[in-house]
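Each chain is listed here by its residues.
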Amino acid sequence: MNADSSASGLWAAIPWLVLFAFYGLPLLHVALSRRGGGWRPPAGSRCPFGPRAGWLVMVLMLGPVGWLMFALRRPRPASNGRTAR
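Presented here is a report on the structure given in the accompanying data block. (Residues numbered from 1 in each chain as written. Predicted model: local features only at pLDDT ≥ 70, side-chain atom pairs only at ≥ 80, totals over all residues. Heavy atoms only, no water.)

**Considerations on the overall build of the protein chain**
As a reminder, the rule being used: Numbering of helices and strands runs from the N terminus; a helix is a DSSP stretch of H or I covering at least four residues, while a strand is a stretch of E covering at least two. Note on exposure labels: buried denotes an accessible area under 20% of the residue type's maximum, exposed denotes more than 50%, and partly exposed covers the range between, all computed with a 1.4 Å probe on protein chains only. By the convention used here, residues are in contact when the closest approach between their heavy atoms is within 4.5 Å.
What the protein chain contains, in helices and strands, is 3 helices and 0 strands. Relative to its full complement of 85 residues, the protein chain shows a buried share of 15%. For the protein chain, the share of sequence-separated contacts (at least 6 apart) that also reach a separation of at least 24 residues comes to 38%.

**Some points on the packing of aromatic side chains**
Operational definition: Each Phe, Tyr or Trp ring, with Trp reduced to its six-membered ring, pairs with another whose centre is within 6.5 Å; inter-plane angles below 30 degrees give stacked pairs, above 60 give edge-to-face pairs, and intermediate values give tilted ones.
Summed over all chains, the structure comprises 1 aromatic pair. A ring pair is formed by Trp55 and Phe70, whose centres lie 5.3 Å apart and whose planes are at 70°; its orientation type is edge-to-face. Here Phe70 lies in helix α3 (residues 64-71) and Trp55 lies in helix α2 (residues 51-62), a separation of 15 residues in the sequence. A single burial state applies to Trp55 and to Phe70, both of which are buried.

**Thoughts on the nonpolar core**
Selection rule: We define the nonpolar core as a collection of buried residues of types Ala, Val, Leu, Ile, Met, Phe, Trp, Tyr and Cys that are connected through side-chain atoms lying within 4.5 Å of one another.
Val30, Trp55, Leu56, Val59 and Phe70 form the largest nonpolar core, which has 5 residues in total. Residue contributions to this core peak at 3 residues, all from α2. Setting aside anything within four residues of it in sequence, one finds Leu56 in contact with Leu27, Val30, Ala31 and Trp39.

**Examining α2**
The condition is simple: Expected helix span is computed as 1.5 Å times (number of residues minus one). Note that the arc is computed from the directions linking the helix axis to the C-beta atoms.
Its 12 residues place the ends of α2 16 Å apart at the C-alpha level, agreeing with the 16 Å of an ideal helix rising 1.5 Å per residue. Among the residues making up α2, those that are buried are Arg52, Ala53, Trp55, Leu56 and Val59. For α2, the arc enclosing every buried residue in end-on projection is 160°, short of the 170-degree limit, so these residues lie on one face. Looking one or two places after α2, you find Gly63, whose phi comes out positive at around 65°.

This is the structure in structure tokens:
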């Protein structure tokens, strides 16, 4: 094995690393985050998906932009007047 073939192997791994960094890690973050919401839809909702599934679809379709939307969203105020954490 020569130095040229090992360098080409490294260059071949770069697209996979980019895909993992820009799609895999944000999807993992949304799936495991406490702020993602529930997996099931809220009571009375007509949508079959919960908030977390919706965020996963957003991140899957929009990539880093969808993840930024998830990460920079503002929390909703709680019904008792306090801010949600």
